[in-house]
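Residues per chain are reported as follows:
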Number of protein chains: 2
Amino acid sequence: MRESGNDATTETARTRSWWGWGTIEDAATGPELEALLARITALLPNADLTDHQPPEVTALNLPAARVTPPSSLASLCSDDLLDRASHAHGKGFRDVARNLQGDMSHAPDLVIRPQNEQDIIDVLDWCTENRHAVIPYGGGSSVVGGVEPRFTDFPATVTLDLGRLNQVLEIDHTSRAARIQAGVLGPDLENALRPHGLSLRHFPQSFEFSTLGGWLATRAGGHYATRLTHIDDMVESMRVVSPTGVGESWRLPGSGAGPSPDRMFLGSEGTLGLITEAWMRLQERPVHRAGASVIFDSFEEAVEATRAVAQSGLDPANCRLLDTVESALNAGITTGGGVLVLGFESADHPVDIQLARATELCRQHGGTVHDPVENRSASPAQAWRTSFLRMPYHRDALARRSMILETFETSCTWDAFPALHAAVTEAAQHAFADVTGSGLLTCRFTHVYPDGPAPYYGVYAPGKWGSVLSQWDEIKSAVSEVLVKHHATITHHHAVGRDHRPWYDRQRPELFASALAGAKRALDPAGVLNPGVLLQPAS
Amino acid sequence: MRESGNDATTETARTRSWWGWGTIEDAATGPELEALLARITALLPNADLTDHQPPEVTALNLPAARVTPPSSLASLCSDDLLDRASHAHGKGFRDVARNLQGDMSHAPDLVIRPQNEQDIIDVLDWCTENRHAVIPYGGGSSVVGGVEPRFTDFPATVTLDLGRLNQVLEIDHTSRAARIQAGVLGPDLENALRPHGLSLRHFPQSFEFSTLGGWLATRAGGHYATRLTHIDDMVESMRVVSPTGVGESWRLPGSGAGPSPDRMFLGSEGTLGLITEAWMRLQERPVHRAGASVIFDSFEEAVEATRAVAQSGLDPANCRLLDTVESALNAGITTGGGVLVLGFESADHPVDIQLARATELCRQHGGTVHDPVENRSASPAQAWRTSFLRMPYHRDALARRSMILETFETSCTWDAFPALHAAVTEAAQHAFADVTGSGLLTCRFTHVYPDGPAPYYGVYAPGKWGSVLSQWDEIKSAVSEVLVKHHATITHHHAVGRDHRPWYDRQRPELFASALAGAKRALDPAGVLNPGVLLQPAS
């Protein structure tokens, strides 16, 4: 969703935070922090916002690594304390909360950074032979426990960090595609493509700290609110290394030759193999843009307007509906029903006519156009964008102050949304009352389809220091039960990991679970790849 | 590709041809046949067009059915000779040629027509227990040997014809989706949706005689030249019956929860289970249309123009490039480089501006706009459409006269197309010289993507009666070798079946083959489902 690949070009030296999001230098401080705390206090007056310092890494008391790598691999391996701690958790609220409490019950024994495919093959051979668990690792931005060695039944755990496989290897201008290594971070990828006038245009919120391989393995959602919503459709071919071999699909714009090989590995979350590189479909950089924000007095009307736009075939790049709380909190605007942020873009032709038709549809459903793109800097759209980029840092600042801040997201058909939304809201309110005394639930649509929206919910609740993890787990469980009951997916683009397993297992058809397990047995007979994710028992 | 779902509403009683395409009443006769033969004579003067009558079914000497169904299933079963013969082959040239020669070395022992899901479960139980091979059957229009019991190592073969599961069960207007049984034929499906103002808008050439289940199992290509090219993206959820159980995915507009369950069954061609019903995404019927034909003096320029349109983001519904031979044969127009047939459509907004931009791109690449849509009845686009619908019947008329008429289709990236096309052309010309003395190769793009086209080739060669099958196999093998060598898919939308196995096996990554085999072992442990397709040894 983020569009600021440009930022990275002016980047100065920064230090990654081991316990929280991004870099230490970018943490919320000063007036930004004060304003944030003031907003929270106004909304949740009973919140105790006492600051708690994160512990030192040395205070985590990590046990010594249980394994020594063979000499052939030793130069790629690290058992450094900070390295192991930094790779032990993802970056969700559960992770940050546990880090802040010094709660790191599992950490990898080794962090291995392969320099090429043969290194990966060698590591998999060694691990398969010794039954060491292997956790594929890109940028480590999982918010679902996808990179965490949350198991005890393996003699050792190795985190395979693909960060050194970070090159754009080949560009095909004619077909607008590039062969890209899996370990490249978002900004580095865009920096490599920019001189060629090309872009992947995949901008998840994690863009700066997540990798192509991670996006592919988790079916990440990105910039486009319609059509190319997930990374899936941008894949032309993929290369995968499994314990039993290496496979690469052909570069095909389209094919009907059997089930799609790529679709089996997209979303496999490191359980079937490691994606090492992919030919990705690229975009020319857009030169025509048109955008507007539309304000509604009623959320129901806003939803109907959004549905009309989603079903119109206009395919806006941006079509994000913010409810009233989200509008107030993150777009700086007070509305009765919400704001729909619309954006069109093209490298080929003007898009004003598409915007005009989309806003016409909105007006027919009770919307008022707030600001055409001319007044962009002061627009709710721009305010939203700025908030969006700062959200993870705000989450960290508030997590230090006992606040529970997390999101959950889903998708459902349009006909199912009103009942789902009512039930989610009710369950969250009950959970707030039971668990934290108070709390706020926000809702936005991050992506929309002709047959339904992808609602994305935000939770703000005043926790109790020392209990925030169990408090959040209780809230999460309550709303997840509602999703499953309404047959809404447990995740639209955050992946399953270990955190979503109980609900994913109920969502996934048993027949497919059995097929997937059969595929895993064939590719990973020792069962060492990312245990507990998708398939094996989660502990 | 066909847009004439309307035809079916005025249909009168017709008799299906057991040996050829469609119905006996619709065969090419009279002036149509004379004109066809005159065209062929002009193009291929050495063709011997002596007519050979199809044999009587009784002359096929089918062996008696090798199995008696249990009494509980008997009422669903037929061992009628005509039934068995009609289900023995698909409808490709290989099938028609063999039928005309009375060559039916394998036929199913029984044709079973389940009335509901429990019937299917019962049949699968019975077949699994007795190791009877099961061939899932929709409309039987496979052109790749997908429904043919071409194996000898099973005690009996059962063809499971889903034709009785032909209802639209539920319509969700709000989300624009419908729950549809797999055995419904194209016209019946559209007839059921039309009163609701909705349409699947999936119109393969086989539309009249193929089913939703067949489209899903084979990843069929349809009406849309861009975006919704295959049926895959129109699927919201699917229900599948396997020997080990029944599974149904949830209705999700989008999801990132693990690998897509539906994508494993899409293209599985009856080897993993029977698709019994699906929730399909629908379209409103278009009310705005704009189209044009653009003529080129050079095929290279035509290809470049088509690429520009495919990469423009304009997303025409129709974007079919016909080369000079295809233009002359099937669109009635003589050009130096070919014709690009463009069409835009929308249920929501006018599309003239999109057409204007697309034709502007074509002009920049040397194209001349032939006819705006006003002069539609005389246009190459309209001539092409009429030809397109009559092609299978013409194929049959010519197959009776020793002509080899068949197509093969692929996709590749834009950068790879020129070399591939040159190599395919050369291989075909060599094969014609070696095998039939002369022949014509035509080329069109049926679908286009930002990263490459889907070229579709037509073969017209004068065969020798009694040898046409081996002659065609030799030509097919020559061009298929070129496809594999250039890493172009062995099929873009015709499926793999049994005919494409040798090349599919080389195209498919071994790693994926192993995963797919693992999935099949889990779902079909007795290996009775469509043996020889995709996975097991083809005999």
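Residues numbered from 1 in each chain as written. Chains lettered and ligands numbered in written order. Predicted model: local features only at pLDDT ≥ 70, side-chain atom pairs only at ≥ 80, totals over all residues. Heavy atoms only, no water.

Visitor: Would you mind going over the relation of the copies chain B and chain A with me for this structure?
Guide: For the pair of chain copies, the relating operation is a rotation around an axis with a shift along it. Relative to chain A, chain B is turned by 180° and slid 0.0 Å along the rotation axis, the superposed coordinates differing by an RMSD of 0.0 Å. The transformation just described matches what one would write down for a two-fold rotation axis. When each C-alpha of chain B is compared by its distance to the rotation axis, Gly518(B) comes out closest, at 2.2 Å. A high fraction, 100%, of the interface residues of chain B reappear at the interface in chain A, so the copies pair face to face through one surface. (Least-squares fit on C-alpha atoms with pLDDT ≥ 70 in both. Contact = heavy atoms within 4.5 Å.)

Visitor: Explain the pattern of salt bridges to me, please; I cannot follow it from the model alone.
Guide: Working definition: two side chains of opposite charge can pair if their charged atoms are close together. Across all of its chains, the model carries 72 salt bridges over all chains by this definition. One salt bridge connects Asp95(A) with Arg98(A), and the closest N-O pair in it is separated by 2.9 Å. With Asp95(A) and Arg98(A) both in helix α4 (residues 93-100) and three residues apart, this pair spans about one turn of that helix. Here Arg98(A) falls in the buried class, since its relative accessible area comes to 7%. Here Glu304(B) and Arg307(B) are joined by a salt bridge, their closest N and O atoms 2.9 Å apart. With Glu304(B) and Arg307(B) both in helix α9 (residues 299-310) and three residues apart, this pair spans about one turn of that helix. Here Glu304(B) falls in the partly exposed class, since its relative accessible area comes to 31%. Each of Arg94(A), Asp95(A), Arg98(A), Glu148(A), Arg150(A), Asp473(A) and Asp499(A) takes part in a single network of salt bridges with overlapping partners. (Salt bridge = Lys/Arg side-chain N within 4 Å of Asp/Glu carboxyl O. Helix = DSSP H or I, 4+ residues; strand = E, 2+ residues; numbered from the N terminus. Buried < 20%, exposed > 50% of the residue type's maximum accessible area, 1.4 Å probe, protein only.)

Visitor: What exactly am I supposed to notice about the interface of chain B and chain A here?
Guide: Accessible area lost upon the coming together of the parts serves often as the stated size of an interface. Residue-level contacts link 85 residues of chain B with 85 residues of chain A. Both sides together, the interface formed by chain B and chain A hides about 6,500 Å², and carbon and sulfur atoms give 60% of it. In terms of surface lost to chain A, no three residues of chain B exceed Trp250(B), Pro259(B) and Leu511(B), which account for 13% of the buried area on that side. If you look at where chain B meets chain A, you find 32 residue pairs in polar contact (both at pLDDT 80 or more). Of all the elements in the fold, those that place two or more residues in the side of chain B that touches chain A are β8 (235-242), β9 (245-248), α8 (261-265), α11 (352-364), α14 (468-485), α15 (501-507) and α16 (510-523) of chain B. (Buried area = accessible area lost by both parts, 1.4 Å probe. Polar contact = N/O pair within 3.5 Å; in protein donor to acceptor, adjacent residues only side chain to side chain.)

Visitor: Explain helix α11 (residues 352-364) of chain A to me, please; I cannot follow it from the model alone.
Guide: In an α-helix there are 3.6 residues to a turn, and that puts residues three or four apart on one side. Residue and element names in this part refer to chain A. For α11, with 13 residues, the first-to-last C-alpha span of 18 Å sits near the 18 Å given by 1.5 Å per residue. Restricting attention to buried positions, one finds in α11 the residues Gln354, Leu355, Arg357, Ala358, Thr359, Leu361 and Cys362. Phi for glycine 366, located one or two positions after α11, is positive at around 90°. (Expected span 1.5 Å × (residues − 1).)

Visitor: What is the right way to read the pairing of β8(B) from this model?
Guide: Consecutive side chains along a regular strand alternate between the two faces of the sheet. Residue and element names in this part refer to chain B. Of all eight residues in β8, seven are buried; the element is thus mostly enclosed. Sheet analysis places β8 next to strand β10 (residues 274-281), joined by six bridges and oriented antiparallel. By the bridge assignment, serine 237 is partnered in β10 with tryptophan 279. By the bridge criterion, four bridges tie β8 to β9 in an arrangement that is antiparallel. (Pairing = 2+ DSSP bridges.)

Visitor: What's the story with the packing of aromatic side chains in this structure? I'm lost.
Guide: We describe a pair of aromatic rings using the distance from one ring centre to the other and the angle between the two ring planes. Enumeration according to the criterion identifies 16 aromatic pairs over all chains in this entry. Judged by centre distance (5.0 Å) and plane angle (20°), the rings of Phe408(B) and Tyr457(B) are stacked. Residue Phe408(B) is located in strand β16 (residues 403-409), and its partner Tyr457(B) is located in strand β18 (residues 452-462); the two are separated by 49 residues in the primary sequence. Judged by its relative accessible area of 2%, Phe408(B) falls in the buried class. The exposure class assigned to Tyr457(B) is buried, which follows from its relative accessible area of 0%. Ring plane angle 85° and centroid distance 5.1 Å describe the contact between Phe417(B) and Phe445(B), whose orientation is recorded as edge-to-face. Taken together, the positions of Phe417(B) in helix α13 (residues 417-436) and Phe445(B) in strand β17 (residues 440-449) put the pair 28 residues apart, joining distant regions of the chain. On the accessibility criterion, Phe445(B) (0% relative accessible area) is buried. Taken together, the ring pairs in this structure connect Phe299(A), Trp414(A), Phe417(A) and Phe445(A) into an aromatic cluster. (Phe/Tyr/Trp six-rings, centres within 6.5 Å; stacked < 30°, edge-to-face > 60°.)

Visitor: Any chance you could explain the side chain of His89(A) here in plain terms?
Guide: Along the polypeptide, His89(A) turns up in the loop between α3 (81-86) and α4. A polar side-chain atom of His89(A) sits 2.6 Å from a polar atom in the side chain of Asn99(A).

Visitor: Just to check I follow, could you spell out the sheet that holds strand β8 (residues 235-242) of chain A for this structure?
Guide: Hydrogen bonding along the main chain pairs the strands of a sheet, whether they run parallel or antiparallel. Residues and elements named next belong to chain A. Taking strand neighbours across the sheet as the criterion, the five strands line up as β5-β6-β10-β8-β9 in an open arrangement whose pairing is antiparallel. Looking at the sheet topology across the chains shown, the edges are occupied by β5 (168-172) and β9 (245-248). Pairwise comparison of adjacent strand axes, ignoring direction, gives a mean angle of 10° for this sheet. Here β5 runs beside strand β6 (residues 177-181); their pairing, made up of four bridges, is antiparallel. Its bridge partner lying in β6, glutamate 170 is registered against arginine 179. (Axes fitted to C-alpha atoms, helices over the stretch in contact; angles between N-to-C directions.)

Visitor: I tried to follow the packing of helix α9 (residues 299-310) of chain A against α11(A) on my own but got confused; where do I start?
Guide: The description of two packed helices rests on the angle between their axes and on the distance between the axes. Residues and elements named next belong to chain A. Contact geometry of α9 with α11 gives a least axis separation of 8 Å together with a crossing angle of 145°. Crossing angle aside, the handedness with which α9 passes α11 is right-handed. Note on element contacts: α11 touches α9 through Ala358, Leu361 and Cys362, opposite Ala305, Ala308 and Val309. (Left-handed = near helix turned anticlockwise from the far one by under 90°.)

Visitor: I keep staring at the confidence of the model for chain A and nothing clicks. Help me out?
Guide: The predicted coordinates ought not to be read in detail in places where the model reports low pLDDT. All names here are of chain A. Per-residue confidence for chain A gives a mean pLDDT of 94; residues scoring 70 or more make up 96%. Here residues 1-10 is a poorly scored stretch, pLDDT under 50, and it has 31 contacts once near neighbours within four places are set aside; other chains count. Overall fold confidence (pTM) sits at 0.96, and the ipTM for the predicted complex is 0.95. (pLDDT = per-residue confidence, 0-100.)

Visitor: How should I be thinking about the sheet that holds strand β5 (residues 168-172) of chain B in this particular structure?
Guide: All names here are of chain B. As summarised here, the arrangement of the five strands in space is β5-β6-β10-β8-β9, forming an open sheet in which the pairing is antiparallel. A single partner strand is all that each edge strand has here, and the edge strands are β5 and β9. Averaged over all adjacent pairs, the angle separating strand axes in this sheet is 10°, with direction ignored. The pairing of strand β6 (residues 177-181) with β10 spans five bridges and is classified as antiparallel. If you follow isoleucine 180 over to β10, its bridge partner there is alanine 278.

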